[in-house]
Amino acid sequence: MDCYAFCTATSYRIKSFYEAIRSRYKATLYRDVVHVEKPIEDYRADIFFFPYGVTVFWGLPRNEALLFLEEIKGFESAPLDDIETDEFSYVYGETSKVAEDIITLPDHNVLIRFAISHGIAQSVKLGTFESAIQKTFNSMKSIPEDLAKQGKIRLSRKEIRTRMGALFIERTTINLHLDILDTPEVFWEYPELESYYKMISNYLDLQTRVEVLNQRLSIMHELFEMLGNELNHQHSNRLEMIIIILIVCEVMLTLLHDIFNIL
């Protein structure tokens, strides 16, 4: 069986979605996560909807999962242009484990899938942050290179302000959502499930990836400050040039008036 995860939006309007979906399927709200049961022939598919725009499907074929995602577009906030995805297979065995993208479940307990889905959803959401930062770095990498080679940034004041605005928006968007990468508070109510969450989060290396993300955010902050300093430097140079021109004009006027008696 397969498990698919998709990050399609910045967030879902989870309460209104829950009210709409419960009239069609058996749905349960675990804090702010909606669980939907979808009967398929001789078994049941489980679907988990996370408020930060991620859906995790267990046992639903990929084509049907994509069709289901079309149904929830009306509940998306800020849909993503590039959908982040991940894919696993799962089987049943005596011991819970994850290896080579195969998840072994001890039984059919939906809460175990719920716990593992938390880690998968966080990983996919983290992937959107990583992709966004990489795109920002790719668009900005010429700036420090120019500074190293030329000793200055070859951008106009307007271009610098535009780049600073883009950096600020990216940093703010990610910082506002970093808390979703913490250990979910729901495990305070279900402490027996936390080991399953830790199993998948360790496998997906969530903690290390979050640390790398924070380091990249720090680099973005330094780049933001560098652009701000360059903007101030350009402004200072402009003021100095204006002052020099004014001094030259005053000297010329003095010469014309006192030496040449023209004025």
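Conventions used here
- Residues numbered from 1 in each chain as written.
- Predicted model: local features only at pLDDT ≥ 70, side-chain atom pairs only at ≥ 80, totals over all residues.
- Heavy atoms only, no water.
- Helix = DSSP H or I, 4+ residues; strand = E, 2+ residues; numbered from the N terminus.
- Buried < 20%, exposed > 50% of the residue type's maximum accessible area, 1.4 Å probe, protein only.
- Areas by Shrake-Rupley, 256 points an atom, 1.4 Å probe, with all protein chains shown as cover.
- Lys, Arg positive; Asp, Glu negative; His and termini not counted.
- Charge placed at Lys NZ, Arg CZ, Asp CG, Glu CD.
- Axes fitted to C-alpha atoms, helices over the stretch in contact; angles between N-to-C directions.
- Parallel < 35°, antiparallel > 145°, perpendicular 65-115°, else oblique.
- Left-handed = near helix turned anticlockwise from the far one by under 90°.
- Contact = heavy atoms within 4.5 Å.
- Nonpolar A, V, L, I, M, F, W, Y, C, P; charged D, E, K, R; others polar.
- Polar contact = N/O pair within 3.5 Å; in protein donor to acceptor, adjacent residues only side chain to side chain.
- Disulfide = S-S within 2.5 Å.
- Arc of directions from axis to C-beta.

**Q** Explain the overall build of the chain to me, please; I cannot follow it from the model alone.
**A** Of the regular secondary structure elements, the chain holds 7 helices and 8 strands. A principal-axis box enclosing the C-alpha atoms of the chain has dimensions of 105 × 35 × 35 Å. Looking at the chain as a whole, 41% of its 263 residues qualify as buried. Approximately 14800 Å² of the chain is accessible, and the part contributed by carbon and sulfur atoms is 55%. Side chains of the chain carry 27 positive and 39 negative charges; the gap between the two charge centres is 5 Å.

**Q** Sorry, what's going on with the packing of helix α3 (residues 110-140) against helix α6 (residues 194-203) here?
**A** Helix packing for two helices is described by the angle between their axes and how far apart those axes are. It is at 8 Å that the axes of α3 and α6 come closest, and there the two elements cross at 30 degrees. By the criterion of interaxial angle, the relationship of α3 to α6 is roughly parallel. As α3 packs across α6, the resulting crossing turns out to be right-handed. Note on element contacts: α6 touches α3 through Y196, Y197, M199 and I200, opposite I112, A115, I116, H118, G119, I120 and Q122. Of the residues that constitute the contact of α3 with α6, the class distribution is 8 nonpolar, 3 polar and no charged.

**Q** I keep staring at the side chain of H35 and nothing clicks. Help me out?
**A** For H35, the position within the fold is in strand β3 (residues 33-40). Here H35 falls in the buried class, since its relative accessible area comes to 1%. Of the polar contacts made by the side chain of H35, one reaches the side chain of D46; its length is 2.8 Å. When neighbours within four sequence positions are excluded, H35 is seen to be in contact with K26, A27, T28, Y30, D46, I47, F48 and V110.

**Q** Explain the state of the cysteines here, please?
**A** What makes a disulfide is a covalent bond joining the sulfur atoms belonging to two cysteines. Across all of its chains, the model carries 0 disulfides by this definition. Among the cysteines around C3, which has no disulfide bond, C7 carries the closest sulfur, lying 15 Å off.

**Q** So what exactly am I meant to see when it comes to helix α1 (residues 14-21) here?
**A** The α-helix advances 3.6 residues per turn, and as a result positions three or four apart in sequence lie on the same side. The set of residues buried in α1 consists of I14, F17, Y18 and I21. Buried positions in α1, seen along its axis, are confined to an arc of 100 degrees and lie on one side of it. Buried residues along α1 sit in contact with β1 (2-12), β2 (26-30), β3, β4 (43-50) and α2 (62-71).

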